[in-house]
Amino acid sequence: MAVMVDELALNNPATTGGALEISIAHKTFATRQGLLTVLHDISLAIDPGEFVCIVGGSGCGKTTLLRILAGLETDYAGTVRLDGRGVAGPDLNRGVVFQEHRLLPWLTVHDNVAFGLARLAPAERTRKVEHYLDLVGLKNFQYAYPHQLSGGMSQRVAIARALAGCPEVLLLDEPFASLDALTRIRMQEELLRVWQAERTTVVLVTHDIEEAVYLADRVLVMSSEPGTIKNVLPVDLPHPRERTDHEFSRIRKSVLDEFFARGTLE
Amino acid sequence: MSTAEQNHRLPRKESTTPTAESLRSEKRSRHIHVADRFLGWIIPLSILLIWEALARGGILAPNWLPAPSVIARTIYEMAVAGDLWHHVAITVARVAVGFLIAAAAGTFLGALTGYLPIARKLLDPLLQSLRSVPSIAWVPLFLLWLGIQETSKIALISLGAFFPVYLNLSVAMRHVDPKLLEVGKLYRLNSFQMVRRLILPAVLPEYMVGLRSGLGLAWMFVVAAELLGASSGLGYLMVDGQMTGRAAIILGSVLLFAICGKATDWAMNTTGAKLLGHRAR
């Protein structure tokens, strides 16, 4: 019976899936000075369709945590389960967006988005690519090359590429960190729109507290050495959120207080 | 930096989108480019004219430096007589065969050492030390082993053209951006797909550079091979011109070498530009 349920979930990824159960005892890296513990004692459940932001200073292991969720790091003590199935490596059911767009310079925007869809029939592939390019507002740029795009546009293509595999979870690692402030705000709104349209689970790593409070259902605050989750703060505000709103400011301040409490930042 | 390149980078720098305006300015810069190339012709043409005038005025001795028109006529007469084609064809054939062998070997060994660290550790030190021997230094050995016929000439050309192909490909494959390779990992490409869909396209620009310099060296070494002992080919024509004291034949051969070399380089470059498409470097 359990197998059948799993198969059903496979066939309808976006509607039913996207629940993450994370339980990491520790993750170490070998350095010249010996073993360095980057993550310690992290257990966390993320609901399907939830938007979670992980904030932390540099070196707190937040990127490592995201890479574990993506399946790019497999050498750690613990388990990550997506809809009950263990995560053993990368898969199309998790889309990843990095800080750099990582588009392939020799492919057009269209072909970049289609990169992971080689198994689909050409007509189906084109339909999907056009759908997601339309979703991020770049349908007219499908024949452009990455070097012809601005930073924000490139990152939108990267989001489209990550979504094209119809993932249950979208993982973003400081996706807007290298964009200018105005573009960043536009991209945050864009991402919210995409999330509301696709209903995927989203895990976004950032060091921008305002960004986290603006986007997330829950903000996870990480502390460093060893990296662990220090506190979880729910953000019960309806979208669209007003950054100057009183309640917004209050939550932002409480996240900030977490940061400057002892032991979080040096 | 040429104007064309500059223009290529403009849209990115201003972080604007490719619009009709940027396309138009691209067209405008192409006009400037043509004007630049015209500028480049002024001095060579002037030198030719002065040279011609000096030769006709009897200031330059015809057996020392014949007039450009005399050189042109010499080439023309040999072409009409027919033996010129024979010499050009045999030289081109030597370059082609030698270069193809070098490209094949360089591609195979370059890809092998670029992709497999163990192959690099085994082979690269040996190949690098062979590279530090000037290729011409092998000539006596080649003559001893392979005789003075075609084989030794082809061997010299292949050896000379091999290294840039090998080196460029091997180094480029080792330095493919690991961040791009990670994208391949995310989409679960196997090793074969990794090479075909990520590594090969990523190294194509460097590989083309390697092929181009290899081809240039093939032309260099065909001259050496033919000067050292041949009974046909453009190099032989030069030796013949020297023996018989006809500077026009030597200069004519030099000119033909230049034309052939430039033509193959252009063909290679055009193919490369087509393969590389619109990507920016």
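Participant: Describe in detail the overall build of chain A, supporting the description with residues and values.
Facilitator: Looking only at helices and strands, chain A features nine helices and 10 strands. Computed over the C-alpha atoms, the radius of gyration of chain A is 19 Å, within 12% of the 18 Å expected from 2.2 N^0.38 for a compact globule of 266 residues. C-alpha extents for chain A along the principal axes are approximately 55 × 50 × 40 Å. Per-residue burial over chain A gives 45% buried out of 266 residues. Of the contacts made within chain A by residues no fewer than 6 positions apart, 69% connect residues no fewer than 24 positions apart.

Participant: Explain the overall build of chain B to me, using residue names and the numbers behind them.
Facilitator: From N to C terminus, chain B includes 11 helices and zero strands. If you list the helices and strands of chain B from N to C, you get α-α-α-α-α-α-α-α-α-α-α. Among the 281 residues that make up chain B, the fraction classed as buried is 30%. When contacts within chain B are restricted to residue pairs at least 6 apart in sequence, those whose partners lie at least 24 apart make up 68%.

Participant: Break down the packing of helix 7 (residues 150-174) of chain B against helix 9 (residues 191-227) of chain B for me, citing the residues and quoting the values.
Facilitator: Residues and elements named next belong to chain B. Relative to each other, helix 7 and helix 9 sit at 160°, their axes nearing to 7 Å. Taken together, the axis directions place helix 7 and helix 9 in an arrangement best described as roughly antiparallel. Handedness of the crossing formed by helix 7 with helix 9: right-handed. Looking at the contact of helix 7 with helix 9 residue by residue, the classes come out as 22 nonpolar, five polar and two charged.

Participant: Could you give an account of the nonpolar core, with specific residues and numbers?
Facilitator: All names here are of chain A. Val-203 and Val-219 are the most contacted members of the largest nonpolar core, which has 76 residues in total. With eight residues, the top contributor of residues to this core is helix 6 (residues 151-164). When near neighbours in sequence (up to four residues on either side) are disregarded, Val-203 contacts Ile-46, Val-52, Ile-54, Leu-66, Leu-69, Val-169 and Leu-171.

Participant: So, helix 9 of chain B: which residues are in play, and what are the values?
Facilitator: All names here are of chain B. Here helix 9 is 37 residues long, yet its end C-alpha atoms lie only 47 Å apart, well below the 54 Å a rise of 1.5 Å per residue gives. Helix geometry: helix 9 is bent most strongly at Leu-204, by close to 55°, with proline Pro-205 lying one to four residues after it. Of the residues trailing helix 9, Gly-229 is marked for its positive phi of about 145°.

Participant: Kindly report on unusual backbone geometry, identifying the contributing residues and their values.
Facilitator: Of note, the amide linkage connecting His-239 of chain A to Pro-240 of chain A takes the cis form, showing an omega dihedral of -5°. Among the structural elements, Pro-240 of chain A can be located in the loop between strand 10 (228-234) and helix 9 (246-260). Backbone geometry places Arg-102 of chain A, a non-glycine residue, at a positive phi of 55°. With respect to the helices, strands and loops of the structure, Arg-102 of chain A is situated in the loop between strand 6 (94-97) and helix 4 (109-113). Its identity is not glycine, yet Arg-188 of chain B carries a phi of approximately 55°, on the positive side. Take Arg-188 of chain B: it is sitting in the loop between helix 8 (178-186) and helix 9.

Participant: Requested: an account of the sheet that holds strand 8 (residues 201-206) of chain A, with residues and values cited.
Facilitator: Residue and element names in this part refer to chain A. An order of 6-7-8-3-9-10 is seen for the six strands of this open sheet, with the pairing classed as mixed. The open sheet has two free edges, formed respectively by strand 6 and strand 10, since each of these has just one partner strand. Pairs of neighbouring strands in the sheet enclose a mean axial angle of 20°, with direction left out of account. Direction of pairing for strand 9 (residues 218-223) relative to strand 10: antiparallel, over a ladder of six bridges. Following the sheet pairing, Leu-220 is matched in strand 10 by Val-232.

Participant: Before we move on, can you summarise the domain arrangement of chain A with the specific residues and values?
Facilitator: All names here are of chain A. What the domain assignment lists for chain A is domain 1 (2-93 + 167-260) and domain 2 (104-166). For domain 1 versus domain 2, the distance between C-alpha centres works out to 24 Å. Each side of the interface is counted separately: domain 1 has 16 residues, and domain 2 has 12 residues. Contributions of two or more residues to the side of domain 1 that touches domain 2 are made by helix 2 (13-16) and helix 7 (181-198). The greatest single-element share of the side of domain 1 that touches domain 2, amounting to seven residues, is contributed by helix 7. The residue makeup of the side of domain 1 that touches domain 2, split by class, is 11 nonpolar, two polar and three charged.

Participant: Give me the lowdown on the pairing of strand 7 (residues 169-173) of chain A, citing residues and values where you can.
Facilitator: All names here are of chain A. Among the five residues that make up strand 7, five are buried, leaving the element largely enclosed by the rest of the structure. Residues Val-169, Leu-171 and Asp-173 of strand 7 are buried on one face, and the alternating residues Leu-170 and Leu-172, pointing to the opposite face, are buried as well. Direction of pairing for strand 6 relative to strand 7: parallel, over a ladder of four bridges. Bridging across to strand 7, Val-96 finds its partner in Leu-171. Examined bridge by bridge, strand 7 and strand 8 share five bridges and lie parallel to one another. Looking at strand 8, one finds that Leu-170 is bridged to Val-202. Crossover connection from strand 7 via helix 7 to parallel strand 8: handedness right-handed.

Participant: If you had to explain the sheet that holds strand 4 (residues 77-82) of chain A to someone new, which residues and values would you point to?
Facilitator: All names here are of chain A. Within the open sheet, the four strands sit side by side as 2-1-4-5. Their pairing is antiparallel. Sheet topology places strand 2 (34-46) and strand 5 (85-86) at the edges, where each strand pairs with a single neighbour. Bridge count for strand 1 (residues 20-31) against strand 2 is 11 bridges, and the pairing is antiparallel. Bridge pairing links His-26 to His-40 in strand 2.

The rules behind each value
- Residues numbered from 1 in each chain as written.
- Chains lettered and ligands numbered in written order.
- Predicted model: local features only at pLDDT ≥ 70, side-chain atom pairs only at ≥ 80, totals over all residues.
- Helix = DSSP H or I, 4+ residues; strand = E, 2+ residues; numbered from the N terminus.
- Rg over C-alpha atoms; globule rule 2.2 N^0.38 Å.
- Buried ≥ 20, exposed ≤ 12 C-beta atoms within 10 Å, placed from the backbone.
- Contact = placed C-beta atoms within 7 Å.
- Axes fitted to C-alpha atoms, helices over the stretch in contact; angles between N-to-C directions.
- Parallel < 35°, antiparallel > 145°, perpendicular 65-115°, else oblique.
- Left-handed = near helix turned anticlockwise from the far one by under 90°.
- Nonpolar A, V, L, I, M, F, W, Y, C, P; charged D, E, K, R; others polar.
- Core = buried A, V, L, I, M, F, W, Y, C linked by C-beta atoms within 7 Å.
- Expected span 1.5 Å × (residues − 1).
- Bend = angle between axes of the 7 residues up to and from the residue.
- Pairing = 2+ DSSP bridges.
- Domains from an automatic or database assignment.
- Right-handed = clockwise from strand over helix to strand, strands pointing away.

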